[in-house]
Amino acid sequence: MSTAPSPNPWADIIGPCYTTASLARTLGWTEAKVAAAAACLDVLELTSTDGVTLYPAFQVRQGLPVQGLGEVLRVLSTGTAGRWTWAQWLNTRLPDGEGEGQPSAVDKLRAGHLDDVLRDARHDAWAWSS
């Protein structure tokens, strides 16, 4: 019997990611600007278990960070420091009872629904911190 390693479920949850260099190229920024944007939570930076810095591709649209993302990240940070939790929160489609799934928070941001996403982020951040 083979004991092949199980695939990491985070790959399905988060999707493809950029490295610092590839995100800098995509955004037309320097790597220092990417690091600064991550430090002030304008972009989402994740660190893998083996120490690799990653930036989920879902946060980029048409060569720019999704509008309002930084505001949402700063709200989520008030509930938990778990950036992988933030990534899951942003990119997961919740069931809607009809088998389709509601748009993810990042889908709602792309559609211009910042106020709705901020409301939900405040609610969930409060619940996480309770």
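Above this text is the structure in question.
Presented here is a report on the structure given in the accompanying data block. This structure is a prediction, so every number in the text was calculated from the model and none was measured.

So, about the layout of surface pockets. Here the largest pocket is characterised by a volume of approximately 310 Å³. In terms of lining residues, the largest pocket is bounded by 15 residues, among which Trp89, Thr92, Leu94, Ala105 and Asp124 are the most central. For the lining of the largest pocket, the secondary structure elements donating two or more residues are helix 5 (83-91), helix 6 (105-110) and helix 7 (114-129).

One pass over the full model with this rule turns up five salt bridges. In this structure, Asp116 engages Arg119 in a salt bridge whose closest nitrogen and oxygen atoms are separated by 3.4 Å. Taken as a pair, Asp116 and Arg119 lie in helix 7 at a separation of three residues, close to a single helical turn. Exposure remark for Asp116: the relative accessible area of 33% places this residue in the partly exposed category. Among the ionic pairs, Arg119 bridges to Asp120, the shortest N-O distance being 3.1 Å.

At their nearest, the axes of helix 4 (residues 69-76) and helix 7 sit 8 Å apart, and the two run at 15° to each other. Taken together, the axes of helix 4 and helix 7 lie roughly parallel to each other. Of the two possible hands of crossing, helix 4 and helix 7 adopt the one that is right-handed. On helix 7, the residues touching Glu71, Val72, Val75 and Leu76 of helix 4 are Leu114, Val117, Leu118, Ala121, Arg122, Ala125 and Trp128.

Our next topic: the pairing of strand 3 (residues 53-56). Note that strand 1 (residues 17-18) and strand 3 share two bridges and pair antiparallel. Paired with Tyr18 across the bridge in strand 3 is Tyr55. Relative to strand 3, strand 2 (residues 46-47) runs antiparallel, the two being bridged by two bridges. Bridging from a neighbouring strand, Leu46 pairs with Leu54 of strand 3. The hairpin turn running from strand 2 into strand 3, its antiparallel successor, is five residues long, and Gly51 in that turn takes a positive phi close to 85°.

Calculation criteria
Residues numbered from 1 in each chain as written. Predicted model: local features only at pLDDT ≥ 70, side-chain atom pairs only at ≥ 80, totals over all residues. Heavy atoms only, no water. 1 Å grid on protein atoms, 1.4 Å probe; cavity = no way out; pocket = protein on both sides within 12 Å on 5 of 7 lines; lining within 4 Å. Points joined across faces, edges and corners; volume = space filled by probe spheres on them. Helix = DSSP H or I, 4+ residues; strand = E, 2+ residues; numbered from the N terminus. Salt bridge = Lys/Arg side-chain N within 4 Å of Asp/Glu carboxyl O. Buried < 20%, exposed > 50% of the residue type's maximum accessible area, 1.4 Å probe, protein only. Axes fitted to C-alpha atoms, helices over the stretch in contact; angles between N-to-C directions. Parallel < 35°, antiparallel > 145°, perpendicular 65-115°, else oblique. Left-handed = near helix turned anticlockwise from the far one by under 90°. Contact = heavy atoms within 4.5 Å. Pairing = 2+ DSSP bridges.

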